[in-house]
Amino acid sequence: MKNGKVAVAIVGCGGMGGGHAVAISTGSGQALWMTDGSKGRELEPGDTDLTKKMVLAGTFDIKEERQEWARRLGFHTYNSFEEILNDDEVDVVLVATPNDDHKELSIRALRAGKNVLCEKPVMMTSKDLEDVMAVAKETGKVFYPRQNRRWDKDYLTMKKIYDEKLIGDVFHVASRYHGSRGIPGDWRGIKEKGGGMMFDWGVHLLDRIVLMIPEKIKKVYCKTTHITNNEVDDGFTMLMTFESGKTATVEVGTCNFINLPLWYMLGTEGTAVIQDFEDKGHMVKVRSWEDKDATPILMGEGLSKTMAPRKADSVDDLPLPDFTYDRNELYSNLCDVVLGKAEPVIKNEEALRILRLMEAALKSDELGEAVDFE
Ligand SMILES: NC(=O)c1ccc[n+]([C@@H]2O[C@H](COP(=O)([O-])OP(=O)(O)OC[C@H]3O[C@@H](n4cnc5c(N)ncnc54)[C@H](O)[C@@H]3O)[C@@H](O)[C@H]2O)c1
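Residues numbered from 1 in each chain as written. Predicted model: local features only at pLDDT ≥ 70, side-chain atom pairs only at ≥ 80, totals over all residues.

Chemist: Just checking my understanding: could you explain the environment of K153 for this structure?
Modeler: Mapping K153 onto the fold places it in helix α6 (residues 153–163). Residues K153 and K39, 114 residues apart in the sequence, show an inter-C-alpha distance of 21 Å. (Helix = DSSP H or I, 4+ residues; strand = E, 2+ residues; numbered from the N terminus.)

This is the structure in structure tokens:
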């Protein structure tokens, strides 16, 4: 502890670790990248001011340029990982290295008596996470998976629509991230480092979908793409069937020059959509299923009444629900868990289920057929 606050040291001060350093030191919970360095975002109503709960002890990176970057922004830098472990003031080691280092660094930190906040995907395999969970249990320290995209506004909006049945009972959800830049030219293109889009983005999208639909997943079908390279997946499409028969598709694409909507949700009384990364979207709710307004339209070389668009007086076009929430809940909860004041909002068992789900997806991809899951 430092001045009564939870002290965090970061190992791996690259894009994400650097972002954490700014986020924690400014209390903002998120870094905004600037041409001349970096600064934190403004706090909004509902956000915890992290400067009241946590403090940045320092950072360590094996690359000297990242050490210099941290010093330039005024952060303390450690000369080695060992030095972090030997700093009695450090409560939490934040692991933000490429994925293949997460296991070793986390175990070393736990064994040195530190709590660990670990970047996603927390481990390369479910077996690795089981091993780390065993060490956390044995040492009595906290291992906390950073599944941060549960706090994205687009997801929380869709979850609210789902939970509050704003378009009736939801029977299908589609969640997507589309971009057109292929696999980043760093370790994300290398299999042994834990590269590929399933590990990079799939982990987030799946974490959110399974929280939204709290049911057993019966079947998983997945097809990965290798448009830009043969080493790692540069995208995938996945279909999940839940116990009640609800379905979800999750898709990540990096060769999409025209994006499909981020979210598309179908309910028994309407449809909701979020179009883009700026969270633009709306809901359309049916007033009456009676098709008195249906007049056939010309579609190509034929007529259709079934596909005739709705007239304005048979549906309501509604804005997405708005709400405030604590965008910094993850960091804030971590502090409370470390101090023994709260249960973790993100459970290791949840991270384990996601790793198993990704393994099932990749198995399906390999077999070319759907696989049973739970
Ligand atoms: N949760 C999120 O939204 C999110 C977003 C981006 C990245 N991440 C995760 O954060 C982690 C890092 O990703 P990134 O984009 O910052 O990668 P990056 O390549 O930008 O940074 C990784 C840094 O770790 C350093 N490093 C490697 N091995 C090290 C070691 N043994 N000790 C100390 N430093 C070491 C590298 O020099 C590099 O500077 C990955 O696990 C990634 O999946 C999470």
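Chemist: What exactly am I supposed to notice about the site of the ligand here?
Modeler: Residues in contact with the ligand amount to 24 residues; listed here are only the nearest, G12, G14, G15, M16 and E119. Per element, the largest residue contribution to the shell around the ligand is 3 residues, and it comes from helix α1 (residues 15–26). A breakdown of the residues in the shell around the ligand according to their chemical character gives 9 nonpolar, 7 polar and 8 charged. (Near = placed C-beta within 6 Å. Nonpolar A, V, L, I, M, F, W, Y, C, P; charged D, E, K, R; others polar.)

Chemist: So what exactly am I meant to see when it comes to the domain arrangement of the protein chain here?
Modeler: How big an interface is tends to be stated in terms of the accessible area lost upon association of its parts. The domains assigned to the protein chain are domain 1 (6–148 + 327–345) and domain 2 (150–325 + 356–372). One C-alpha centre belongs to domain 1, the other to domain 2, and the line joining them spans 31 Å. Across the contact, 15 residues belong to domain 1 and 14 residues belong to domain 2. In the side of domain 1 that touches domain 2, the residues fall into 5 nonpolar, 5 polar and 5 charged. (Domains from an automatic or database assignment. Contact = placed C-beta atoms within 7 Å.)

Chemist: How should the pairing of strand β13 (residues 270–274) be read in this particular structure?
Modeler: A regular strand carries its side chains on alternate faces of the sheet. Alternating residues of β13 divide into G270, A272 and I274, all buried, and T271 and V273, none buried. By the bridge criterion, 5 bridges tie strand β12 (residues 263–267) to β13 in an arrangement that is antiparallel. Bridging from a neighbouring strand, L266 pairs with T271 of β13. Hairpin connection between β12 and β13: a loop of 2 residues separates the two successive antiparallel strands. (Buried ≥ 20, exposed ≤ 12 C-beta atoms within 10 Å, placed from the backbone. Pairing = 2+ DSSP bridges.)

Chemist: Teacher, can you tell me more about the sheet that holds strand β1 (residues 6–11) here?
Modeler: Within a sheet, neighbouring strands are paired by backbone hydrogen bonds and run either parallel or antiparallel to one another. Strand order in the open sheet formed by 5 strands is β4-β1-β5-β6-β7, with parallel pairing between adjacent strands. Of all the strands in the sheet, the pair left with one neighbour each is β4 (54–60) and β7 (143–146). Direction aside, the axes of adjacent strands within the sheet are offset by 20 degrees on average. Here 4 bridges tie strand β5 (residues 92–95) to strand β6 (residues 115–119), and the two strands are oriented parallel to one another. Counterpart to V93 in the pairing with β6 is V116. (Axes fitted to C-alpha atoms, helices over the stretch in contact; angles between N-to-C directions.)

Chemist: How should I be thinking about the environment of Q30 in this particular structure?
Modeler: Considering the arrangement of structural elements, one finds Q30 in the loop between α1 and β2 (31–34). Judged by C-beta crowding, with 18 C-beta atoms within 10 Å, Q30 ranks as partly exposed. Expressed as a C-alpha distance, the spacing of Q30 and L43, which sit 13 residues apart in the sequence, is 9.5 Å. Excluding residues that lie within four positions of it along the chain, Q30 makes contacts with A23, G40 and R41.

Chemist: How should I be thinking about the pairing of strand β10 (residues 235–242) in this particular structure?
Modeler: Where strand β9 (residues 217–225) meets β10, 8 bridges bridge the pair, whose relative direction is antiparallel. What sits directly across from C222, in β10, is M238. Pairing of β10 with strand β11 (residues 247–253) involves 7 bridges; the strand directions are antiparallel. In the sheet register, M238 faces β11, and the bridge partner there is V250. Count of turn residues in the β10/β11 antiparallel hairpin: 4 residues, of which G245 carries a positive phi of about 100 degrees.

Chemist: In this structure, what is going on with the packing of helix α5 (residues 126–139) against helix α9 (residues 348–367)? I would like to understand it.
Modeler: Packed helix pairs are characterised by how far apart their axes lie and by the angle those axes make with each other. Between α5 and α9, the least distance of the axes is 9 Å, while the angle of their chain directions is 160 degrees. Classed by the angle they form, the pair α5 and α9 counts as roughly antiparallel. Taken as a pair, α5 and α9 cross one another with a handedness that is left-handed. Residues S126, L129 and M133 of α5 form the contact with α9, whose own contacting residues are N348, A351, L352, L355, R356 and E359. (Parallel < 35°, antiparallel > 145°, perpendicular 65-115°, else oblique. Left-handed = near helix turned anticlockwise from the far one by under 90°.)

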